[in-house]
Amino acid sequence: MSVQVVSNPDFGHLEIVLDQGQTILCESGAMAAMDSDLQLDTKMMGGFLPALWRKVVAGESLLSGVYTAKRAGSRLWLSPPIPGQVIAYSLQDKPLMLTSGSFLACEEGVQLGTKFGGLRAMFSGEGMFFIEARGRGSLWFNSYGAVIEHEVNGEFIVDTGHVVAWEPSLQWTVTGMGNLFSTLFSGEGLVLRFSGSGKVWLQTRSMSGLAGWLAGYCR
Amino acid sequence: MNYQILAPGTFSALQVSLDPGDKILTEAGTMAWMDPSIQVKTSSGGLMAGLRRAVLRGDSFFQNEYTSTAQGGKITLVAGQPGEIKAMELRGAPVILERGAYLAHTPGVSVDAKFNGLKGFFAEGLFVVYATGEGTLFYNAYGDILEVDVQGDYIVDNGYAVAWESSLNYTVTRTGRKIRTFLFGDGLVIRFSGHGKVWVQSRSAFSLANFMHPFRAIESKNS
Amino acid sequence: MKASVIGTDSFQSLHVELSPGERFYSEAGKMVRCSSGVDIEVTLQKKGGGFMGALKRLLSSDSFFYSRYTAQGTGTSEVVIAPTMMGNVRVLELKGDETWITSGGSYLASGPEITSEAKWQGLGAGLLSGESLMFVHNRGIGFLAVEAFGTIHEVDVNGEFVVDTGHLVAFESSLSFTVGKVGGSWIKSFFSGEGFVMNFKGTGKLLMQSHNGSSFGGLLGPLLPKRRS
């Protein structure tokens with residue numbers, strides 16, 4: 001299997017060539033184009049209940065697409081719905097946390113689960129559930145905007161809309177910003193407060209920021 | 001205070017390092033991430049408030065002031081739109097910015113909002129921000145920023161002008177001679193004359209807003 | 001007349017240089033800037049146009065109107081045209097013996113001798129695919145500029161090829177297509193989130209875009225203020 005991330009950092013997407021019998025799993029609706037003899041199946045990632053849970057609470061799709069090649073050299077293009085960077089990550093037993101909407105594709109052997117963000121996250125509008133990827137295999141996730149990798153050592157504060165992924169060695173809580181007045185009126189809403197040490201993937205734009213800017217031009 | 005543009009280009013971000021006593025002012029909602037030493041003070045004051053209330057549907061008319069309790073506390077600020085972020089050193093002569101182009105400023109700069117369009121022509125008016133004083137002004141665009149040195153006359157569509165020097169004269173006029181209306185959104189152009197710089201962006205917010213129109217939810221009659 | 005692509009990959013635009021008297025057309029409302037000697041007119045008509053043509057264009061997701069730019073004066077004039085979305089622009093030089101079919105609002109601009117005619121894309125295919133009902137057939141001698149959301153990939157189709165309806169930019173008329181499902185069954189196609197795709201057949205060039213405007217719109221739309229109509 002050859003998987004290439006192309007057009008990073010602005011229009012990252014995947015160009016894939018599969019050998020006979022090889023399989024790749026992807027987020028619902030991610031297929032942009034393909035050779036006509038690829039076989040499509042659907043799968044509930046992690047079984048029915050976890051998939052249903054992710055659908056209901058995290059707004060993820062119930063089913064993932066599973067593409068399998070019947071011959072060598074089958075081509076497949078997978079794209080995220082938003083412009084930005086695609087990151088390739090090799091999962092080796094140590095899990096990875098993703099914000100909802102960041103999952104693009106993975107090899108068989110990777111499982112997705114759901115983590116509750118706490119009661120306060122319910123008010124943030126950014127999705128109150130996070131995805132936990134476990135297992136072994138390659139994983140591809142996407143951002144809106146450029147990705148900045150940041151090693152946290154101590155404490156670090158991120159607007160919830162700017163987090164893409166983080167290592168679970170970090171502790172995290174969802175909190176307000178400054179005092180109550182600033183929480184309500186700073187326009188920042190809620191933030192993720194990380195502590196400990198580990199890596200966090202940040203994105204330089206947020207969908208709510210984009211909407212806030214564009215709203216001023218809507219009729 | 002010093003600053004760095006992270007990921008220059010389409011999705012650039014502004015990282016500011018603050019020592020105790022330094023200050024950066026920005027409109028509400030631009031903080032992406034920061035060190036725990038950064039403190040925020042939110043105020044409703046400032047002349048930007050008038051602009052926000054009048055133009056941006058009361059979205060947010062608050063201004064945030066960030067300081068640091070430790071040496072070199074870092075904060076990253078971003079715009080909503082994809083595009084370049086740039087810094088401009090002001091030395092007294094005012095610069096005029098399209099309303100969506102303002103990002104942040106240092107304390108020596110003052111910003112003020114004005115309406116400059118064709119009165120009565122809905123949604124197509126030109127709301128601009130006047131920045132003056134001495135200090136650093138951070139601005140951003142939707143797309144790449146092209147600097148045009150105007151000597152004489154130059155025409156830019158209303159949706160693409162990001163900023164220009166106050167040494168230029170400008171008038172807002174309508175294009176075309178036949179069927180020109182609100183139907184296609186580019187009814188207005190800015191005609192510059194004189195000598196000075198104009199910064200032009202490579203995409204239009206009005207154009208994207210038109211594209212997004214069918215994807216928005218419809219307001220129910222009862223609400 | 002010289003048409004070329006300018007700008008960084010993410011925000012490409014079309015730059016057209018005109019000698020006095022020369023003219024070209026773009027979809028209305030796409031001009032960024034121009035020399036002061038350029039006359040801009042908004043018109044329904046273009047070669048192959050007229051009122052019915054304009055009505056049909058509406059169903060192709062292109063604009064009802066064209067802008068016509070005519071160079072006045074004595075020197076060379078310049079006009080810059082920008083797409084709606086962030087992404088690539090491609091200039092195709094048509095020699096008169098081929099037809100390029102543009103889909104879903106990807107027509108950006110063309111030279112004065114190019115006819116652009118909106119045509120039904122096939123029985124109900126548009127309705128079913130959720131994309132436009134019409135595709136625009138462009139032919140003649142001169143340049144044709146298309147716009148895309150994201151990166152443009154050029155694919156040489158030889159045999160069969162599947163493209164999601166939202167990722168299609170343009171293709172040569174030597175290719176035929178049917179609207180259908182992906183892989184095995186309709187049920188799988190829907191539950192995988194793919195719905196309808198276009199199955200191309202034959203030999204010819206096809207341009208596709210890395211990103212899908214409808215998917216992006218579907219995510220951003222709910223975050224925007226509600227509209228009155």
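Residues numbered from 1 in each chain as written. Chains lettered and ligands numbered in written order. Predicted model: local features only at pLDDT ≥ 70, side-chain atom pairs only at ≥ 80, totals over all residues. Heavy atoms only, no water.

Some remarks on the overall build of chain B
Part 1: Helix and strand content of chain B: two helices and 15 strands.
Part 2: Relative to its full complement of 223 residues, chain B shows a buried share of 56%.
Part 3: Put simply, of all contacts in chain B between residues at least 6 apart along the chain, 77% involve residues at least 24 apart.
Part 4: Carbon and sulfur atoms form 51% of the exposed surface of chain B, whose accessible area is close to 8900 Å². (Helix = DSSP H or I, 4+ residues; strand = E, 2+ residues; numbered from the N terminus. Buried < 20%, exposed > 50% of the residue type's maximum accessible area, 1.4 Å probe, protein only. Contact = heavy atoms within 4.5 Å. Areas by Shrake-Rupley, 256 points an atom, 1.4 Å probe, with all protein chains shown as cover.)

A closer look at the nonpolar core
Part 1: Residues A:W213, A:L214, C:F216 and C:L220 are the most contacted members of the largest nonpolar core, which totals 25 residues.
Part 2: Leaving out residues up to four positions away in the same chain, C:L220 has contacts with A:M207, A:L210, A:A211, A:L214 and B:M212.
Part 3: Judged by nonpolar contacts, the second largest core, of 21 residues, contains A:C26, A:V86, A:A105 and C:V197. (Core = buried A, V, L, I, M, F, W, Y, C linked by side-chain atoms within 4.5 Å.)

Re unusual backbone geometry
Part 1: A:P9 follows A:N8 through a cis peptide bond whose omega is 0°.
Part 2: Position of A:P9 relative to the elements: it lies in the loop between strand 1 (2-6) and strand 2 (13-18).
Part 3: For A:S7, which is not glycine, the phi dihedral falls at a positive 65°.
Part 4: Within the element layout of this structure, A:S7 appears in the loop between strand 1 and strand 2.
Part 5: Taking the relative accessible area as the measure of exposure, A:S7 reaches 26% and is therefore partly exposed.
Part 6: Non-glycine residue B:A7 carries a positive phi angle of around 45°.

Describing helix 3 (residues 207-215) of chain A
Part 1: All of the buried residues along helix 3 of chain A are A:M207, A:L210, A:A211, A:W213, A:L214 and A:A215.
Part 2: Packing partners of the buried residues in helix 3 of chain A comprise helix 2 (205-212) of chain B together with helix 4 (213-220) of chain C.

Describing helix 4 of chain C
In an α-helix, one turn spans 3.6 residues; hence positions three or four apart end up facing the same way.
Part 1: Among all positions in helix 4 of chain C, only C:G213, C:F216, C:G217 and C:L220 are buried. When helix 4 of chain C is viewed along its axis, its buried side chains cluster within an angular range of 100° and face the same direction.
Part 2: Buried residues along helix 4 of chain C sit in contact with helix 3 of chain A together with helix 2 of chain B.
Part 3: For helix 4 of chain C, the side-chain oxygen to backbone nitrogen distance between the N-cap and C:S214 is 2.9 Å, and the N-cap itself is C:N212. (Arc of directions from axis to C-beta. Polar contact = N/O pair within 3.5 Å; in protein donor to acceptor, adjacent residues only side chain to side chain.)

A word on the confidence of the model for chain B
Residue and element names in this part refer to chain B.
Part 1: Per-residue confidence for chain B averages 82 on the pLDDT scale, and 78% of its residues sit at or above 70.
Part 2: Of all secondary-structure elements in chain B, the lowest mean pLDDT belongs to helix 1 (residues 48-55), at 50, while strand 2 (residues 13-18) reaches the highest, 98.
Part 3: In the model, residues 56-60 has pLDDT below 50 throughout and makes 14 contacts with residues more than four positions away in sequence or in other chains.
Part 4: Contacts for the low-pLDDT stretch residues 177-186, under 50 throughout, to residues beyond four places or in other chains number 22 contacts.
Part 5: In the predicted assembly, ipTM is 0.87 and pTM is 0.88. (pLDDT = per-residue confidence, 0-100.)

Observations regarding the packing of aromatic side chains
To describe a pair of aromatic rings, you give the distance between the ring centres and the angle between the ring planes.
Residue and element names in this part refer to chain A.
Part 1: Applying the stated rule across the entire model yields 27 aromatic pairs over all chains.
Part 2: Their ring planes at 85° and their centres at 5.8 Å tell us that F141 and W201 sit as a pair that is edge-to-face. On the criterion of sequence distance, the pair formed by F141 in strand 12 (residues 129-142) and W201 in strand 16 (residues 191-203) is long-range, its members being 60 residues apart.
Part 3: The exposure class of W201 is buried, given its relative accessible area of 2%. (Phe/Tyr/Trp six-rings, centres within 6.5 Å; stacked < 30°, edge-to-face > 60°.)

Re the packing of helix 3 of chain A against helix 4 of chain C
Part 1: The interhelical angle for the contact between helix 3 of chain A and helix 4 of chain C, taken along N-to-C directions, is 85°, at an axis separation of 10 Å. As the angle between them shows, helix 3 of chain A and helix 4 of chain C are arranged roughly perpendicular. Where helix 3 of chain A approaches helix 4 of chain C, its residues A:M207, A:L210, A:A211 and A:L214 are matched on the opposing element by C:F216, C:L219 and C:L220.
Part 2: Here the contact of helix 3 of chain A with helix 4 of chain C is composed, by residue class, of seven nonpolar, no polar and no charged. (Axes fitted to C-alpha atoms, helices over the stretch in contact; angles between N-to-C directions. Parallel < 35°, antiparallel > 145°, perpendicular 65-115°, else oblique. Nonpolar A, V, L, I, M, F, W, Y, C, P; charged D, E, K, R; others polar.)

Here's the deal with the interface of chain B and chain C
Often the size quoted for an interface is simply the accessible area lost on bringing the parts together.
Part 1: With 39 residues of chain B in contact, the opposing surface of chain C contributes 39 residues.
Part 2: Summed over the shared surface of chain B and chain C, the number is zero salt bridges.
Part 3: At six residues, the largest contribution of residues to the side of chain B that touches chain C is made by strand 12 (residues 145-157) of chain B.
Part 4: Each residue belonging to the side of chain B that touches chain C can be placed in one class, and the counts come to 20 nonpolar, nine polar and 10 charged.
Part 5: Strand direction decides the pairing type here: strand 12 of chain B and strand 4 (residues 31-34) of chain C, joined by two bridges, are antiparallel. Opposite B:V156, over in strand 4 of chain C, you have C:R33 as the bridge partner. (Salt bridge = Lys/Arg side-chain N within 4 Å of Asp/Glu carboxyl O. Pairing = 2+ DSSP bridges.)

Description of the environment of B:N158
Part 1: Along the chain, B:N158 falls in the loop between strand 12 and strand 13 (161-165).
Part 2: For the pair B:N158 and B:V16, spaced 142 residues apart in sequence, the C-alpha to C-alpha distance is 31 Å.

Brief notes about the environment of B:K23
All names here are of chain B.
Part 1: Position of K23 among the secondary structure elements: in the loop between strand 2 and strand 3 (24-27).
Part 2: Its relative accessible area of 31% is what places K23 among the partly exposed residues.
Part 3: Here the alpha-carbon distance between K23 and T106, two residues 83 residues apart in the chain, equals 6.7 Å.
Part 4: Ignoring any residue separated from it by four or fewer positions in sequence, one finds K23 in contact with M1, L18, E65, Y66, T67, T106 and P107.

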